[in-house]
Amino acid sequence: MKPNKPGINPALKFAVTLPVAFGLLYGFYFAYLGITSHTGKLYSPFLDEHLNFIDWLRYVLIQSSSAILNLLGYQTKTNADQMLVIGHNLIHVGYDCLGFGVMCFFTAFVIAYPGQLRVKFYFLIAGLIGIQLINLARFILLSLYWRYTTVYISDHHTIFNIVIYILIALSLYFYTRYQDKALMRRKA
């Protein structure tokens, strides 16, 4: 019979792993952004032209928004970082519009929380797709209905962040409950 080894408290492990994983993911995003930006000191033309996942995500979001709006009967014009809906609005999709901060937090949480690897993988993929589908809906709504005001709460980034973090909190609540129940079943 093996003696029980004293292990790291799971709550402490989570409390350390979450900020470390978030810092690594978000730091990687900013470093890669610097490497693929023409004005960056460490600019890499190869990475910018062939492996620029940041611009790829922006392209997918703009083109998907445009395609959906075209299916709904609106005329759109797009370029690398903007979409114009004729008769409505022009939206500029900056780096802060892509949701990388939200995705990094979500990913770090899923990685840090103890549980079944298979469940983590499926939940992570579904969550990241869900975040971008909500982002896509935001782009469509902004291009059709947004009117700028000086009231801070009406800033669409603030509204998006509030909505997305509420939805993430709800999904993480159910995710942690599921993982906890699975862990308890394994121990029993």
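Everything below is about the structure printed above this text.
The structure reproduced in this document is the subject of the present report. All values reported here derive from a predicted model rather than from experimental measurement.

The full count for this structure, using the stated rule, is 19 aromatic pairs. Between Y26 and F30, the ring centres sit 4.8 Å apart and the planes meet at 80°, which makes this aromatic pair edge-to-face. Residue Y26 and its partner F30 are both found in helix α1 (residues 10-35); the two are separated by four residues, about one turn of the helix. The exposure class of Y26 is partly exposed, given its relative accessible area of 27%. Judged by its relative accessible area of 45%, F30 falls in the partly exposed class. Counting every residue linked through ring pairs, the aromatic cluster contains F14, F105, F106, F109, Y113, F123, Y165 and Y175. When the ring centre of Y95 is taken as origin, the NZ or CZ atom of R58, which lies over that ring, is 4.6 Å away. The cationic tip of R138 hangs over the ring face of F160; the distance from NZ or CZ to the ring centre is 4.1 Å.

Here the focus is the side chain of S37. Examined against the element boundaries, S37 turns out to sit in the loop between α1 and α2 (45-50). Sequence-distant contacts of S37, defined by excluding residues within four places in its chain, comprise Y43 and Y95.

With respect to the helices and strands, the residue I91 is situated in strand β3 (residues 90-92). Judged by relative accessible area, which is 10%, I91 ranks as buried. Each C-alpha atom, one on I91 and one on A11, is 43 Å from the other, the two residues being 80 residues apart in sequence. Sequence-distant contacts of I91, that is, excluding residues within four places in its chain, are made with D81, Q82, M83, F139, L142 and S143.

A few words on the side chain of S66. The residue S66 is located in helix α3 (residues 53-71) in this model. Note on S66: relative accessible area 6%, which makes it buried. If we ignore the near neighbours within four places in the chain, the residues touching S66 are T76, T78 and M83.

Our next topic: the packing of helix α4 (residues 100-112) against helix α5 (residues 117-145). Two elements in contact, α4 and α5, have axes separated by 10 Å at closest approach and are oriented at 165°. Here α4 lies roughly antiparallel to α5, going by the angle between them. Between α4 and α5 lies a crossing of right-handed hand. For the pair formed by α4 and α5, the contact residues are V102, M103, F106, T107, V110 and I111 on the first element and K120, F123, L124, G127, L128, I131 and Q132 on the second.

Before going further, it helps to examine the nonpolar core. As a rule of thumb, soluble globular proteins bury nonpolar side chains together. Residues F106 and L172 are the most contacted members of the largest nonpolar core, which totals 41 residues. At the level of elements, α1, α3, β2 (82-85), α4, α5 and α6 (156-187) are the ones that each hand at least two residues to this core. If one sorts the elements of this core by residue count, α5 sits on top with nine residues. When sequence neighbours within four positions are dropped, the list of residues in contact with L172 reads F105, F106, F109, V110 and F123.

The rules behind the values
Residues numbered from 1 in each chain as written. Predicted model: local features only at pLDDT ≥ 70, side-chain atom pairs only at ≥ 80, totals over all residues. Heavy atoms only, no water. Phe/Tyr/Trp six-rings, centres within 6.5 Å; stacked < 30°, edge-to-face > 60°. Helix = DSSP H or I, 4+ residues; strand = E, 2+ residues; numbered from the N terminus. Buried < 20%, exposed > 50% of the residue type's maximum accessible area, 1.4 Å probe, protein only. Lys NZ or Arg CZ within 6 Å of the ring centre and 35° of its normal. Contact = heavy atoms within 4.5 Å. Axes fitted to C-alpha atoms, helices over the stretch in contact; angles between N-to-C directions. Parallel < 35°, antiparallel > 145°, perpendicular 65-115°, else oblique. Left-handed = near helix turned anticlockwise from the far one by under 90°. Core = buried A, V, L, I, M, F, W, Y, C linked by side-chain atoms within 4.5 Å.

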